[in-house]
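# Observations on the model geometry
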Amino acid sequence: MAEYIAMPAEKLYPAKLSIKELCLVEPLTVGFHAVARGRVTGQDTVAVIGCGGVGLGAVAAAHVAGARTIAVDVDDIKLSIAMKAGADHAINSREGPMRDQLLELTNGLGPDVVIEAIGLPETFRAAVEEVAFTGRVVYIGYAKEAVAYETRLFVQKELDIMGSRNALPEDFRRVIRMLENRLFPVEDAVSVTAPIEEAP
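Attention here is on the structure that accompanies the text.

The rules behind the values
- Residue numbers here run from 1 along each chain, matching the order of that chain's written sequence.
- Selection of residues for local features in this predicted model requires a pLDDT of at least 70, selection of side-chain atom pairs for listing and counting requires 80 or more, and totals for whole chains, interfaces and linings are taken over all residues.
- Side-chain calculation: all heavy atoms of the structure are included, whereas hydrogens and water are not.
- In short, DSSP must find at least two bridges between two strands for them to pair.
- A helix here means a DSSP run of H or I that spans at least four residues, while a strand means a run of E at least two residues long, and both kinds are numbered starting from the N terminus.
- Comment: axis = line fitted to C-alpha atoms, over the contacting stretch for helices; angle = value between 0 and 180 degrees taken between N-to-C directions.
- Here a residue-residue contact requires only that any non-hydrogen atoms of the pair lie within 4.5 Å.
- If an angle is under 35 degrees, it is roughly parallel; if it is over 145, roughly antiparallel; if it lies from 65 to 115, roughly perpendicular; otherwise it is oblique.
- Throughout, a crossing is termed right-handed when the near helix is turned clockwise from the far one, and left-handed when it is turned anticlockwise from it by less than a right angle.
- Each residue gets one of three labels, nonpolar for Ala, Val, Leu, Ile, Met, Phe, Trp, Tyr, Cys and Pro, charged for Asp, Glu, Lys and Arg, and polar for the others, Gly among them.

## Describing the sheet that holds strand β6 (residues 160–163)
- In space, the six strands of this open sheet follow the order β3-β2-β1-β4-β5-β6, with parallel pairing throughout. In this open sheet, the two edge strands, each paired with only one partner strand, are β3 (89–92) and β6. Taken pair by pair, the neighbouring strands of this sheet meet at an average axis angle of 15 degrees, ignoring direction.
- Two elements, strand β2 (residues 68–73) and β3, share four bridges in a ladder whose sense is parallel. In the sheet register, A71 faces β3, and the bridge partner there is A90.
- Those strands touched by helix α3 (residues 76–84) are β2 and β3, and its axis lies near 170 degrees from that of β3.

Following this line, the structure appears as structure tokens:
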């Protein structure tokens with residue numbers, strides 16, 4: 001909140017973006033980093049649970065990586081934006097069991113990678129329950145209470161389970177490049193623009 005700040009040059013990322021686009025860079029990088037942590041490739045099917053700002057970043061990153069991407073949320077508007085961000089399929093988990101819909105879309109195998117971007121105990125559990133055998137689970141969300149697991153799934157399914165937070169320089173560069181190439185639905189993703197006086 002200062003007029004001037006001193007910043008090391010290596011912390012600066014040149015970008016030809018509007019103010020609105022620049023505001024999206026950091027939240028989207030968190031999702032991009034989660035996809036990198038999950039070692040997502042074009043051979044994978046990725047389910048992203050939660051399509052808020054960070055989840056949209058994961059959807060976009062999985063799409064950029066060439067993966068088949070399934071967006072999961074309880075809000076049809078968020079799912080519509082996720083489809084514009086690159087999701088191949090959308091599941092509204094209020095309209096039927098997520099498990100049944102994921103199994104149908106994956107020939108009964110489950111997704112290769114599940115990225116959890118909500119932070120609820122039930123979605124933390126669902127990630128390990130729905131991922132395929134030898135799959136990868138990446139947690140971005142913070143559960144605000146203790147989560148009880150059926151830990152045999154970790155072993156029986158031989159899962160890789162990892163956390164992901166913040167982002168690395170390459171994540172920033174990838175997001176900036178995506179936005180510069182107009183590959184993300186900026187106008188849909190930004191729901192409100194408010195003056196600084198309304199910030200409190």
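## Some remarks on the packing of helix α1 (residues 19–37) against helix α2 (residues 53–64)
- It is the contact of α1 with α2, at a shortest axis distance of 7 Å, that shows an interaxial angle of 50 degrees. Comparing the axis directions of α1 and α2 gives the class oblique. As α1 runs across α2, the sense of the crossing is right-handed. In this structure, α1 contributes P27, L28, V30, G31, F32 and V35 to the contact, and α2 contributes G53, V54, L56, G57, A58, A60, A61, A62 and V64.
- Of the residues in the contact of α1 with α2, the class split is 12 nonpolar, three polar and no charged.

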